Amino acid sequence: MQQVAPLTPFPLDLLLGRVAHELETRNRVFDLPVARFWAPDPATDLTMDFMGRSAATPVGPAAGPHSQMAQNIVLGWLAGARIFELKTVQILDDIDIERPCIDMQNVGFNIEWSQELKVQESLEEYVKAWMMIEILRDWAPLQSHIGSDPSPYIFDMSVGYDLEGIRSEKVAGFIDSMMDAGNVIDRLRPSIPEPFAEYRDRAFDTCVSNTITVSTFHGCPPDEITAIVKHLMDRHGVDVIVKLNPTLLGFPRVIQLLQQDLGYTDIW
């Protein structure tokens, strides 16, 4: 597979500029037609509770390459996603991998590492997405497509894969900055372009996320998982979900759960 340049995020002014231009000229945002935007139906309550927080729908992406870029998160929101498990962040963010990370032209290849961006880049992508959604949910040209109250949504952090890495200054700083992103937001404010200039002084909520999903897909021992959860709750004061690898239960138990208990008889 051909080696290509590292993944490079677009700045906030270009992303918002494209939103405005594309909606005006093509009736789309990031190539998604307005007919596929989701607008809440007042007569239908899809609200769910997520760790004590309200989300307007139970729909959203799990952590993966698709949830590491601001424009993809905004696309998910436009389509109705309201719970976003953001791409997993870990201390090893400087390795070289072949790209594209996923190639699905005719045969699927996934050579993804835990993340393709530096930790600081991930932080900025998530804050950019947060600011964009906050702007777009109030932006008049979108009101006829998404309604006047697009409803609550949640950003859920994902971190891994060992206690030492999660306790590191790099990952701990990421978590702290997601919980209080005021400095990042203020740094990005001047790059909010026309026709969104009125939002440069907006009082954005500085808490982008205060929940964490711990990824344990990489052989983390049970005792260390317990220590990670305790550390996250004690050090950062966050609510935590542990994403368990079902194969740890053993093949017979997994088959029982999938086929006998849940009825998925075509899964082996």
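Everything numeric here is computed off the predicted structure, so don't read it as measured data. (Residues numbered from 1 in each chain as written. Predicted model: local features only at pLDDT ≥ 70, side-chain atom pairs only at ≥ 80, totals over all residues. Heavy atoms only, no water.)

A. Structural context of the sheet that holds strand β9 (residues 211–215). The strand order across the open sheet formed by four strands is β5-β8-β9-β10, and the pairing between neighbours is parallel. Edge strands, defined here as strands with exactly one partner in the open sheet, are β5 (83–85) and β10 (239–243). With strand direction ignored, the average angle separating the axes of adjacent strands in the sheet is 25°. Alignment of strand β8 (residues 154–159) against β9, held across three bridges, turns out to be parallel. (Pairing = 2+ DSSP bridges. Helix = DSSP H or I, 4+ residues; strand = E, 2+ residues; numbered from the N terminus. Axes fitted to C-alpha atoms, helices over the stretch in contact; angles between N-to-C directions.)

B. Examining helix α8 (residues 222–236) more closely. Between the first and last C-alpha of α8 there are 21 Å, a value that for 15 residues agrees with the 21 Å anticipated at 1.5 Å per step. Each element contacted by the buried residues of α8 is listed here: β8, α5 (163–167), α6 (169–179), β9 and β10. With its phi angle positive at about 70°, G237 sits one or two positions after the end of α8. (Expected span 1.5 Å × (residues − 1). Contact = heavy atoms within 4.5 Å.)

C. View of the packing of helix α1 (residues 12–26) against helix α3 (residues 119–136). Where α1 contacts α3, the two axes come as close as 11 Å, and the packing angle between them is 35°. Taken as a pair, α1 and α3 cross one another with a handedness that is right-handed. Residues L12, L15, L16 and V19 of α1 lie in contact with α3, whose contacting residues are K128, M131, M132, I135 and L136. Here the contact of α1 with α3 is composed, by residue class, of eight nonpolar, no polar and one charged. (Left-handed = near helix turned anticlockwise from the far one by under 90°. Nonpolar A, V, L, I, M, F, W, Y, C, P; charged D, E, K, R; others polar.)

D. Structural context of the nonpolar core. One finds L78, V127, W139, F155, F174, F196 and L232 to be the most contacted residues of the largest nonpolar core, which totals 62 residues. Tallying contributions element by element places α3 first for this core, with eleven residues. When near neighbours in sequence (up to four residues on either side) are disregarded, L232 contacts V159, I166, I175, I212, V214, G237, V238 and V240. (Core = buried A, V, L, I, M, F, W, Y, C linked by side-chain atoms within 4.5 Å. Buried < 20%, exposed > 50% of the residue type's maximum accessible area, 1.4 Å probe, protein only.)

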